[in-house]
Structures are given as structure tokens and as C-alpha cells.
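# Chain and residue survey
In case you want the letters, here they are:
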Amino acid sequence: MKQYSIAKSRRLRGTPYTSRIEKQGVTAYTVYNHMLLPAAFGSLEDSYTHLKKDVQIWDVAAERQVEIQGKDSAKLVQLMTCRNLSKSKIGRCYYCPIIDDDGNLVNDPVVLKLAEDKWWISIADSDVIFFAKGLASGYKLNVKIIEPVVDIIAIQGPKSFSLMEKIFGKPITELKFFGFDYFDFEGTKHLIARSGWSKQGGYEVYVQNTKSGQKLYDHLFEVGKEFNVKPGCPNLIERIESGLLSYGNDFDNNDNPFECGFDQYISLDSEINFLGKEKLKKIKSEGIQKKLMGVQFDIKEISLVGSLDLKDEKDNIIGELRSACYSPHFKKVIGIAMLKKPYWEASKTVKVEINGNFCTGNVCDLPFI
């Protein structure tokens, strides 16, 4: 496949670490929240193997924050998500599907509660800040909404705990999953969360002091040599195996949280008020007609740049393949698909056409691992 370069501009921003990752050998970018997000450092399979065994440093500054502060901040954040945040605690992260008035997904961020009147919404790839500002204006809420200067560094992989302990000491290993606290690096406090877009374990550093963050980035590589540290990025193979869903790829604003398996984050029986609540009640009552599932095909490669129709044995379209890759673990192609009822049942047979050839696969549950 022919490769094309990305033209950088003020409209397509780099990050404080862009010059560093380019010296370290980034081989592909994608665009995420109008920013450059590294997509590969050479072979995806090599990076996948390294991520599962050692530790990687990721430039994920494209994971932007929407800061909501003020007297009505909690009211606005709750209005945006179907998850009940009434008992949320300062110092915790919460996975929160954001939905519109039709009950369809707008984003699936992690929400950080910094104070009773201050929140960060750590967003996937969509313009949540304008959605929040529109709601605040329409509901006349007393809030201030900005995109703060926060450029995340992720430290991911099984050896991430040893690396971070070497820099920040034993207390950082005692952080609970989706907990965060402030840790000192050469006189600068950094908010660090036990989180990240992999299932291999690790941390995310929410860098507000750019110069200190750049020093920390370099220091992680200096002291991480004994742990075989390497630059990396969210890995397609690892995230599909782990069932980590991607907004804009696996689901979008045409899908609702029930269809995407987010049932545990939908609070319909509580007294909380959120956008699209009545629509979700109706959807739950009537039942969904499509659902995200896993699929497996006994082939060795696939290059997916858009959705592919999935068909039954009579060539009826029964869904679409939305993300896929070759899995070294399963030694076959695996993918995430939106399937119509009743074809989402595990072990159902599906067909897909790849490069003019039909191949047969099976439906399975998510996650794969």
C-alpha cells in the first residue's frame, strides 16, 4: 500500500514530544482530536510482543481534556453521561459513556474528579468540548469550560510498575486501578493515574508543566534501560485482543451504549438526570437490534481501512466488520463487528469478502483475551 505523509499545521497540532518520537523512529501517525497520534514504530507485531513483555512510553497527548469547573460542574458532567456519578470520589477515574438526547454515543471518556467543583473529561476522538458548551448554554449552567494544557505520557506494560517505582518510589505502586494522585518529579507535581489504553497495566501522567514533562519523558528512557524500555503507542493487535473499543472505529454516534455492551455503566433506575435517559429506557424495553461482538477468521492477514459487510450463507448482509487484525496469539484474523439480531450469537457463521475472495468465520464473545 502506498504511504502518504501528513502535512503538519496549526490545525493539526503536534505535541511536546513529537520531535522526540520522530528521533526515536515513529513510522506512522494517525489524527486524533485534531492532533498527531503515533500509530506505529515499525512492526505492529514486534511492538505487540514487546508491550506484553516489557515497558513502553507512549505520546498520547492527543487524549485531550475538557475541564469543567464551577458551581454546576457536577450537574453538567452528570447530564452528559448515563453513568451514575452521584457517589463519585475525588481522586478517582470513571469510565463514562457520553450520550446525546437520542441515547446515541458521543464519546466514551474517562472522567477524573479533581474536586467537588472541578472535573476533567479525558476524551476519545470527538469534539466533546463543543457538546459540553452547548449543553451549558442551553441549560444556563454556572460553569467554565476550557481545554487545559495537559499532555499525557502513558507508561504501559508489565514492567511499567518497576520503572515508575524507580522514579517515584513505592507509593506509586500502591495506587489502585483508576485511582490518581500527585507525585513529585524534580520539584514539579504531576497528576498520575493508574490507567492506560492497554490491558498490560501501567500509568498515565497528565503533564501540565511542559518543560518538566519533557524532562520526565527523557528520564523514563534513561532509567528504563534495565527494563528494556522502548517508545510505543496504542497497539491495534493488543487492543482488539483485549476488547478495548475505539470510538469512531468500533462504534460512533449511530450506536447506543446497550448495543456496545456498556450495560453496567447505564443507570436507568436511579434519580439522576442525564440526556437521553427516556430514550435509553425505551431501547431497553424494546430490546436492541444490533450488537458489538467478536469474530474470527482462519486467514493470516487483513488490512482494514473501512467497514466490510458481513454476510450469511445466503449472502444477506447481517452486519459489518469494523476493526480487525492478525492475532499472533490466536494465529488467525480477529475483529470487532456490529451484528444484526439474531446473528450475534456466539458460534454463528459469517462470511466476509477480502480482496475478491470470500472467507468464513465465527462469531465469539468479547474480549478475546
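Coordinates for the structure precede this section.
Before going into details, it helps to say that this report is about the structure given with it. (Residues numbered from 1 in each chain as written. Predicted model: local features only at pLDDT ≥ 70, side-chain atom pairs only at ≥ 80, totals over all residues. Heavy atoms only, no water.)

### Observations concerning the pattern of salt bridges
This model, assessed by the stated rule, comprises 19 salt bridges. Close ionic contact of Arg-322 with Asp-255 constitutes a salt bridge, the shortest N to O distance being 2.9 Å. Placement of Arg-322 in strand 18 (residues 317-327) and of Asp-255 in the loop between helix 7 (236-241) and helix 8 (277-286) is noted, with a sequence separation of 67 residues between them. Among the residues examined, Arg-322 registers a relative accessible area of 14% and is labelled buried. The closest approach of N and O atoms between Arg-322 and Glu-320, which form a salt bridge, is 2.8 Å. (Salt bridge = Lys/Arg side-chain N within 4 Å of Asp/Glu carboxyl O. Helix = DSSP H or I, 4+ residues; strand = E, 2+ residues; numbered from the N terminus. Buried < 20%, exposed > 50% of the residue type's maximum accessible area, 1.4 Å probe, protein only.)

### Quick word on the packing of aromatic side chains
Evaluation of the coordinates by the stated rule reveals 11 aromatic pairs. Ring plane angle 75° and centroid distance 5.7 Å describe the contact between Tyr-95 and Phe-262, whose orientation is recorded as edge-to-face. One end of the pair, Tyr-95, is in strand 5 (residues 93-95); the other, Phe-262, is in the loop between helix 7 and helix 8, with 167 residues separating them in the sequence. Each member of the pair, Tyr-95 as well as Phe-262, carries the same accessibility label: buried. An angle of 80° between the planes, with centres 5.3 Å apart, marks the rings of Tyr-247 and Phe-251 as edge-to-face. Put simply, the rings of Tyr-95, Tyr-247, Phe-251, Phe-262 and Tyr-265 touch in pairs and so form one group of aromatic residues. Taking the ring centre of Phe-358 as reference, the NZ or CZ of Lys-351 above it sits at 5.1 Å. (Phe/Tyr/Trp six-rings, centres within 6.5 Å; stacked < 30°, edge-to-face > 60°. Lys NZ or Arg CZ within 6 Å of the ring centre and 35° of its normal.)

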